[in-house]
Amino acid sequence: MITQNEEKLHEECGVFGVISPKAADVAQITYYGLYALQHRGQESCGIVVNDDGVFASHKNLGLVGEVFSHSVLSNMPCGRMALGHVRYGTTGAATYSNCQPIEVNHLKGKLAVAHNGNLSNALALREALELSGAIFHSTSDTETIAYLIIRERLKTQSIEMAVSRAMDFLEGAYSLVLMSSQKLIAVRDPMGFRPLCIGKMVDEAGETTYVAASESCALHAVGAEFVRDVEPGEIVVFDANGVLSIKDHCGKACKKLCIFEYIYFARPDSLIDGVSVHAARRRAGEILAEKFLADADLVVGVPDSGLDAALGYANVSGIPYGIGLIKNKYIGRTFIAPGQDNRLDLVKMKLSPVINEIRGKRIVLIDDSLVRGTTCRRLITLLREAGAKEIHMRISAPPFLHPCYYGTDIDSEDHLIATMHTVSEICTLIGADTLAYLPLESLPALACGNGYCSACFDGVYPTEVPSDTRKDRFERKLSEIK
Ligand code: SF4
């Protein structure tokens, strides 16, 4: 079996929550929301429905369409609230115990938690909690967050107060949607690494259903109107009394939205912190054309996330935009992949050149990232076999040089081609005629005034990071256990 985009980076998760003024088929609404967020995680998914304080859930490994069959979905109860999650785990293995939302019963009630991001102090927090007697069931840092919130809840008057106090201990990336018996709560970390937005649907009686989601594309999917992004550090509480915004943690840190949300992770039809993802990608292509113009006949984007930048490159350069590659949209998790030695066949299965468009032409090929370079080399071989005369590779991101600690699976420099080779060496290795990356100094043009994190490109981490990598930590833990 394959994971999609083996050589692409993976986002950790997508979260979705809904609260209706009366009992409704909130599981169905959440199902639609998760379907729209599927690109953010394909390992596992889950939905928890709150039926008058009674939680009913279903979660499992697999895609939303696989886990939620018609019979599963129709057996879920109606309720006033629901919480959903799609996961690609960067901490914690792909096991059932790491599926989300996490549900916990405690002295004062119930809590369900859906989390997108990674805590940069997860290991230190967990070790401290374990030393004080905590026992964890999963290896995901979401359980640490849930534990801290409940610990504070036992000492405070309300769940939102507990969330605010728990945030004092958390560092790194967390966009959360939480559900207690009475409340739905959306939380974004003070740096706003991961996106989170809210929307609403007003029915004929004038009653409002509120929705919180990782991306605005999920609001559109359920028929909700975009209201606004959750501010970095903000806690938004939805209950029978309406909506309450708590800003105790706002403004405590500079905004550090993950710039890779604009470059690759998010869906192009989403709006994040006031910026259209499509427009940001298109701008990246325009900059590449302004700075690295190639003498060529056709601009081709690598489907899907290279297409917007290719459009921008074509517009500025005046070189025609063409559909030179077709993606097989039906290759999914059940596809039996060829062995490691035979990846060429896998690339061929996923992407196919449109020979009439390609033959005899000098191609500008645009992709959003270059991680190990293997797929890119095979893609270029495919295009040359299809008759391309020249290939000028343009990457709509700077070179990856550093690991990410905030919810992306760049866990060590070891596999990053740009850490081992110069641009000209990489160009030779992938078999292109020329190669250029988006310059680091062009990133502000994508973020349009939003503060952003670009640590995987420049090594400037917005928080303290562990001095060892996840791999080191894992190996250390393993030897401790042995
Ligand atoms: Fe995003 Fe890179 Fe920062 Fe990770 S290190 S949050 S991938 S910009």
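An account of the accompanying structure is given in this report. These numbers were taken from a predicted model, which means no experiment stands behind them. (Residues numbered from 1 in each chain as written. Predicted model: local features only at pLDDT ≥ 70, side-chain atom pairs only at ≥ 80, totals over all residues. Heavy atoms only, no water.)

### A closer look at the side chain of Q100
Part 1: Locating Q100 in the fold gives a position in the loop between β4 (79-87) and β5 (102-106).
Part 2: On the basis of relative accessible area, Q100 is assigned to the buried category, the value being 1%.
Part 3: Here the side chain of Q100 touches H85 through a polar contact of 3.3 Å, side chain to side chain.
Part 4: A distance of 2.7 Å separates polar atoms of two side chains, one belonging to Q100 and the other to T142. (Helix = DSSP H or I, 4+ residues; strand = E, 2+ residues; numbered from the N terminus. Buried < 20%, exposed > 50% of the residue type's maximum accessible area, 1.4 Å probe, protein only. Polar contact = N/O pair within 3.5 Å; in protein donor to acceptor, adjacent residues only side chain to side chain.)

### Considerations on the environment of G65
Part 1: As for its position among the elements, G65 is in helix α2 (residues 64-67).
Part 2: It is 31 Å that separates the C-alpha atoms of G65 and T374, two residues lying 309 residues apart in sequence.
Part 3: Residues in contact with G65, not counting those within four places in the same chain, are Y35 and Q38. (Contact = heavy atoms within 4.5 Å.)

### A short note on unusual backbone geometry
Leaving glycine aside, a negative phi is the common case for residues, and trans is the common case for peptide bonds.
Part 1: Here the bond from Q100 into P101 is cis, since omega is 0 degrees, no more than 30 degrees from zero.
Part 2: The backbone phi angle of D52 is positive, close to 55 degrees, even though this residue is not glycine.
Part 3: As for its placement among the helices and strands, D52 is situated in the loop between β2 (44-51) and β3 (54-61).
Part 4: You will see that D273, though not glycine, has its phi angle at about 50 degrees, which is positive.
Part 5: Relative to the elements of secondary structure, D273 occurs in the loop between β15 (271-272) and β16 (275-276).

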